[in-house]
Amino acid sequence: MFKPEAHGLPPDFQLTKFSTLRGCGCKIPQDTLNKYLLGTEILTANTAAEKNAEHDDDYIGTGMDCAVIPLKKHPQLRLVQTVDFFYPLVNDPYTMGKIALANVVSDVYAVGVTDLDKLDIILSAPTEISEEERNIIMPLIAEGFRDAAQNAKVNPYIKNSVINPWCMIGGIASAVVKREEVIMPNNAKAGDHLVLTKPLGTQLATNAYLWMCDKTEKYEELLKYYSEKDIVVSFQMAVKSMTYLNRNAALLMHKYQAHAATDVTGFGLLGHAQNLAEFQRDNLRFVIEKLPIITNILGFAEKLNYTNAKLRSGKSVETSGGLLIAMPPQASAEYCKEFNAMTNGEQNAWIVGHVAECAVKEAVLGDNVELLEVILPVDC
């Protein structure tokens, strides 16, 4: 676990104190965003599919995870690009850098692109710490981002950094690829299975750990039912999940002929499933029937009455979540089996739902949703 004093920081140093929002919890709700953009030419998922239909089927302007733009001078090539950043949700700057990298590149992996040509770091240093502390934490964040980028097989660059009241971490990921290397997110079919490649519950897992660090009332309440070890184990599972790259998941999308995908972050599983449904050519219903959730997290939520409804409804905020993939039903079990083998049991994929014909484009929870407790191997 992170020990601030080992890096020359005060023992009570907490990176998460330099923002009041954490991780992808900073995202504005989709309905609110739609209101902000009403009357502009800027698109969200609700209008992007209709607008994108004016182009060919190989174009994503806005509304999904990343842009996919045909190059005018090279029509057989596509520019795939995304910009993403958020606020700290763990106190270890190095780990925070790794989470940020995984979150950024996941948007590109969601369209099946696994090799990046350019990666820039977005980084702001908080104003409320001393220059000496900034000189420690900012290199640690950059180091974590860089080390994780090596696993993504790309070298990151940083052009500049700014001073800001809140610490912000993210990046710009770009790739130029052949048309056939992109799996467009609008080709889901009725009968498809929905596969998810990471468990849910990261936001509450990290919050519970921070409550433990601060010895808050919520922490004291949790101690009536759970041990500190339970809190630490759930937190470590969340960190392990958030730092894991979705690259293997994207590679297997090609082998198993996936029809569409999105990554799961600030809008929650159901929110991102809704965005994906709205982006389809056909009217389809995405039905979520299983919610894999990090161990103890449902219990934490129930005991504290904290986001319990959101967790059970698939609306809990996630940071650096998995890919939600629509694929042929005959391929889904083998996809999960091979994915689990590639990760040596360190991560898992699950069939969590299906796609059905519908009069409208929507995502819903099925009847009798299964709540699956997920246990990942961690060192504690």
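Residues numbered from 1 in each chain as written. Predicted model: local features only at pLDDT ≥ 70, side-chain atom pairs only at ≥ 80, totals over all residues. Heavy atoms only, no water.

Under an unreviewed UniProt entry, the name given to the protein chain is Selenide, water dikinase, and the source organism is Stomoxys calcitrans.

K.L.:
If you had to explain the overall build of the protein chain to someone new, which residues and values would you point to?
P.N.:
Across its full length, the protein chain holds 12 helices and 12 strands. Evaluated residue by residue, the protein chain yields a buried proportion of 56% over its 380 residues. Counted over contacts in the protein chain with a minimum sequence separation of 6, partners at least 24 positions apart contribute 82%. Of the roughly 16,500 Å² of accessible surface on the protein chain, 50% is carried by carbon and sulfur atoms. (Helix = DSSP H or I, 4+ residues; strand = E, 2+ residues; numbered from the N terminus. Buried < 20%, exposed > 50% of the residue type's maximum accessible area, 1.4 Å probe, protein only. Contact = heavy atoms within 4.5 Å. Areas by Shrake-Rupley, 256 points an atom, 1.4 Å probe, with all protein chains shown as cover.)

K.L.:
Got a sec to walk through the pattern of salt bridges? Specific residues and values, please.
P.N.:
Counted according to the given criterion, the structure contains 9 salt bridges. Ionic pairing is found between D214 and K17, a salt bridge with its closest N-O pair at 3.0 Å. Residue D214 is located in helix α5 (residues 202-214), and its partner K17 is located in the segment before α1 (30-36); the two are separated by 197 residues in the primary sequence. For E346, the salt bridge is made with K240, and the minimal N-O distance between the two is 2.1 Å. Here E346 is found in the loop between α12 (329-342) and β11 (350-357), whereas its partner K240 is found in helix α7 (residues 228-243), with 106 residues between them in sequence. (Salt bridge = Lys/Arg side-chain N within 4 Å of Asp/Glu carboxyl O.)

K.L.:
Please provide a residue-by-residue account of the packing of α5 against α7, values included.
P.N.:
Two elements in contact, α5 and α7, have axes whose closest approach is 8 Å; the angle formed by their N-to-C orientations is 135°. On the basis of the axis angle, α5 is oblique to α7. α5 and α7 meet at a crossing whose hand is left-handed. In contact with T202, A205, T206, A208, Y209 and M212 of α5, α7 contributes E228, I231, V232, S234, F235, A238 and M242. Taken together, the residues that form the contact of α5 with α7 break down as 9 nonpolar, 3 polar and 1 charged. (Axes fitted to C-alpha atoms, helices over the stretch in contact; angles between N-to-C directions. Parallel < 35°, antiparallel > 145°, perpendicular 65-115°, else oblique. Left-handed = near helix turned anticlockwise from the far one by under 90°. Nonpolar A, V, L, I, M, F, W, Y, C, P; charged D, E, K, R; others polar.)

K.L.:
I'd like a rundown of the sheet that holds strand β12 (residues 362-374), residues and numbers included.
P.N.:
Pairing within the open sheet is mixed, and its 6 strands lie in the order β8-β10-β7-β11-β9-β12. Either end of the sheet is taken by a strand with one partner, and the two such strands are β8 (260-263) and β12. Taking each pair of neighbouring strands and ignoring which way they run, the sheet shows an average axis angle of 20°. Both β8 and strand β10 (residues 323-327) contribute to a ladder of 4 bridges, which runs antiparallel. Its bridge partner being in β10, A260 is matched across the sheet by A326. (Pairing = 2+ DSSP bridges.)

K.L.:
Tell me about the nonpolar core, and please be specific about residues and values.
P.N.:
Nonpolar side chains tend to gather and get buried jointly when the protein is soluble and globular. With 114 residues, the main nonpolar core has V80, F286 and Y335 as its most contacted residues. Looking at this core element by element, the count peaks at 9 residues for helix α3 (residues 93-109). (Core = buried A, V, L, I, M, F, W, Y, C linked by side-chain atoms within 4.5 Å.)

K.L.:
Could you give an account of the packing of aromatic side chains, naming the residues involved and the relevant values?
P.N.:
Under the definition given, this model contains 7 aromatic pairs. Between Y226 and F300, the aromatic rings sit 4.9 Å apart at their centres with planes inclined by 85°, giving edge-to-face as the arrangement. Of this pair, Y226 sits in the loop between α6 (217-222) and α7 while F300 sits in helix α10 (residues 297-304), and the two are 74 residues apart along the sequence. F300 sits in the buried class, given a relative accessible area of 0%. Where Y256 meets Y335, the ring centres are 5.8 Å apart and the plane angle is 75°; that geometry is what we call edge-to-face. Taken together, the residues span a long stretch of sequence, with Y256 in the loop between α8 (247-255) and β8 and Y335 in helix α12 at a distance of 79 residues. Three or more aromatic residues joined by ring pairs make a cluster, and in this case those are Y244, Y256, Y335 and F339. We note K118 situated over the ring of Y157; from NZ or CZ to the ring centre the distance is 5.5 Å. Over the ring of Y225 we find K303, and its NZ or CZ is 4.6 Å from the ring centre. (Phe/Tyr/Trp six-rings, centres within 6.5 Å; stacked < 30°, edge-to-face > 60°. Lys NZ or Arg CZ within 6 Å of the ring centre and 35° of its normal.)

K.L.:
Please provide a residue-by-residue account of the side chain of T95, values included.
P.N.:
Tracing the backbone shows T95 in helix α3. Judged by relative accessible area, which is 15%, T95 ranks as buried. A distance of 2.9 Å separates polar atoms of two side chains, one belonging to T95 and the other to D92. Apart from the residues within four sequence positions on either side, T95 is in contact with V90, V239 and T243. (Polar contact = N/O pair within 3.5 Å; in protein donor to acceptor, adjacent residues only side chain to side chain.)

K.L.:
Any chance you could break down α3 for me, citing the residues and the numbers?
P.N.:
The terminal C-alpha atoms of α3, which comprises 17 residues, lie 24 Å apart, in line with the 24 Å expected from a rise of 1.5 Å per residue. The element α3 is largely enclosed, with a buried count of 15 among its 17 residues. The N-cap residue of α3 is D92: its side-chain oxygen and the backbone nitrogen of Y94 are 3.0 Å apart. (Expected span 1.5 Å × (residues − 1).)

K.L.:
Break down the pairing of strand β1 (residues 67-71) for me, with residues and values.
P.N.:
Side-chain positions along a regular strand alternate between the two faces of the sheet. Note that β1 and strand β2 (residues 74-86) share 5 bridges and pair antiparallel. Residue pairing in the sheet places P70 in a bridge with R78 of β2. The loop that links β1 with its antiparallel partner β2 comprises 2 residues.

K.L.:
Can you lay out the environment of A249 for me, pointing to particular residues and giving the numbers?
P.N.:
Of note, A249 is situated in helix α8. By relative accessible area, A249 is classed as buried at 0%. In this structure, the C-alpha to C-alpha distance between A249 and T197, residues 52 residues apart in sequence, is 7.0 Å. Discounting residues that sit within four places of it in the chain, A249 has contacts with T197, L323, I325, Y335 and F339.

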